[in-house]
Amino acid sequence: MSIASRPYVGRFAPSPTGPLHFGSLVAAIGSFLEARAHGGRWLLRIEDVDAPRTVPGAADSIIATLARFGFEWDGDIVWQSRRLDAYRQALAQLQAAGHLFPCACTRRELADSALARDGSRIYPGTCRNGLPPGRAPHAWRVRAEATIAFVDRVQGPQREDLGSEVGDFVVLRGDGQFAYQLAVVVDDAAAGVTDVVRGADLLGSTARQIHLQHLLGVRTPGYAHLPVVVNAAGEKLSKQTLAAPLDDLAPAPALVAALAFLGQEPPAELARAPRDQVWTWARAHWSLACVPRKLCAPPPA
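This write-up is about the structure you can find in this document. (Residues numbered from 1 in each chain as written. Predicted model: local features only at pLDDT ≥ 70, side-chain atom pairs only at ≥ 80, totals over all residues. Heavy atoms only, no water.)

1. Some points on helix α8 (residues 275-285)
Phase 1: Three or more residues of α8 are buried, namely Val-278, Trp-279, Trp-281 and Ala-282. Seen end-on, α8 carries its buried residues on one side only, within an arc spanning 165 degrees. Every exposed residue of α8 that faces more than 90 degrees away from the buried side is listed here: Thr-280 and Ala-284.
Phase 2: For α8, the secondary structure elements touched by its buried residues are α1 (22-37) and α7 (251-261). (Buried < 20%, exposed > 50% of the residue type's maximum accessible area, 1.4 Å probe, protein only. Helix = DSSP H or I, 4+ residues; strand = E, 2+ residues; numbered from the N terminus. Arc of directions from axis to C-beta. Contact = heavy atoms within 4.5 Å.)

2. Section: the packing of aromatic side chains
Phase 1: Counted by the stated rule, this structure contains 10 aromatic pairs.
Phase 2: Taking NZ or CZ as reference, Arg-141 lies 3.9 Å from the ring centre of Tyr-123, over its face. (Phe/Tyr/Trp six-rings, centres within 6.5 Å; stacked < 30°, edge-to-face > 60°. Lys NZ or Arg CZ within 6 Å of the ring centre and 35° of its normal.)

3. A word on the packing of helix α3 (residues 84-96) against helix α6 (residues 203-216)
Phase 1: Here α3 crosses α6 at 75 degrees, and the two axes come no closer than 10 Å. Overall, the two elements α3 and α6 adopt an arrangement that is roughly perpendicular. Facing Ala-90, Gln-93 and Leu-94 of α3, the residues of α6 in contact are Leu-212, Leu-215 and Leu-216.
Phase 2: Class assignment of the residues belonging to the contact of α3 with α6 gives a composition of five nonpolar, one polar and no charged. (Axes fitted to C-alpha atoms, helices over the stretch in contact; angles between N-to-C directions. Parallel < 35°, antiparallel > 145°, perpendicular 65-115°, else oblique. Nonpolar A, V, L, I, M, F, W, Y, C, P; charged D, E, K, R; others polar.)

4. Comments concerning the sheet that holds strand β8 (residues 169-172)
Phase 1: Taken in spatial order, the three strands line up as β4-β5-β8 in an open sheet, and their pairing is antiparallel. Only two strands of the sheet have a single partner each, and these edge strands are β4 (100-103) and β8. Each neighbouring strand pair of the sheet contributes to a mean axis angle of 45 degrees, computed without reference to strand direction.
Phase 2: Strand direction decides the pairing type here: strand β5 (residues 139-142) and β8, joined by three bridges, are antiparallel. Paired with Val-142 across the two strands is Phe-169, which belongs to β8. (Pairing = 2+ DSSP bridges.)

5. Topic: the pattern of salt bridges
Phase 1: The full count for this structure, using the stated rule, is 17 salt bridges.
Phase 2: A salt bridge links Asp-168 to Arg-128; the shortest N-O distance between them is 2.8 Å. Taken together, the residues span a long stretch of sequence, with Asp-168 in the loop between α4 (162-165) and β8 and Arg-128 in the loop between β4 and β5 at a distance of 40 residues.
Phase 3: Using a relative accessible area of 4% as the deciding quantity, one classes Asp-168 as buried.
Phase 4: Two residues, Arg-275 and Asp-276, come together in a salt bridge whose shortest N-O distance is 3.0 Å.
Phase 5: A relative accessible area of 27% places Arg-275 in the partly exposed class.
Phase 6: Its relative accessible area of 47% is what places Asp-276 among the partly exposed residues.
Phase 7: A single salt-bridge network, built from bridges that share partners, covers Arg-11, Arg-45, Glu-47, Arg-83, Asp-187 and Asp-188. (Salt bridge = Lys/Arg side-chain N within 4 Å of Asp/Glu carboxyl O.)

Fair warning: the whole summary comes from geometry, so function is off the table for now.
The following block contains the structure:
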């Protein structure tokens, strides 16, 4: 059965590093409305696998904000921190197949390496044929020798030579934390996710995830990467750039602004309407084809 013929399953997967902001809302709305437009399910996953970056109370705040804004998810919320056994099994599968190797390189040693499109360092292959004498493993990397091509439903055709543009990438960090790339692939496969709609800041991760899907023998979902909301300095809205949290008491204006950012052209008076009326309009008028083919953009004036 092809991806297109399977029942649509989408998801929203925020990391609990702080409260939801306007950029988060844009990604949530896009994934939610695309799922509902296909009569599909919309899942909520809390990506708290990176324990050092998790902020206490942030996950509960995110869940409460989504509810107040009128989002309705299907099934139970999935917490990555409770799925470590699944990641261990995937890691063992990759190790048994010879796809991984131990790496002794530190971040400082890789600091002079060229940058990949997502800002990470391109791994020069130092340890792929064996650890240097006297060095102990620091992390585990997956061998990345494939060229990955796919068509993004917003950004268009994509192609990346993992060997030259990314290098072998980490799936288990030196501090024992599972890498995002591995966790998201395992979770999407387990949930039967058919389509991933998310911000274009993750476009540079997609080829790595498709490579892992191939190695693990799981289906590759369709992808649509929405423009990322940036501030006046051109920085992605985030906790680090002091993005303002959403106002839970006034959801309609923010929902309408997010719809406008996504090219849906909602009527201005909708911002003064009740929240549920905004959702009624959004469901009736949503079109992924209207989303601008941009990697980033400032919020509506």
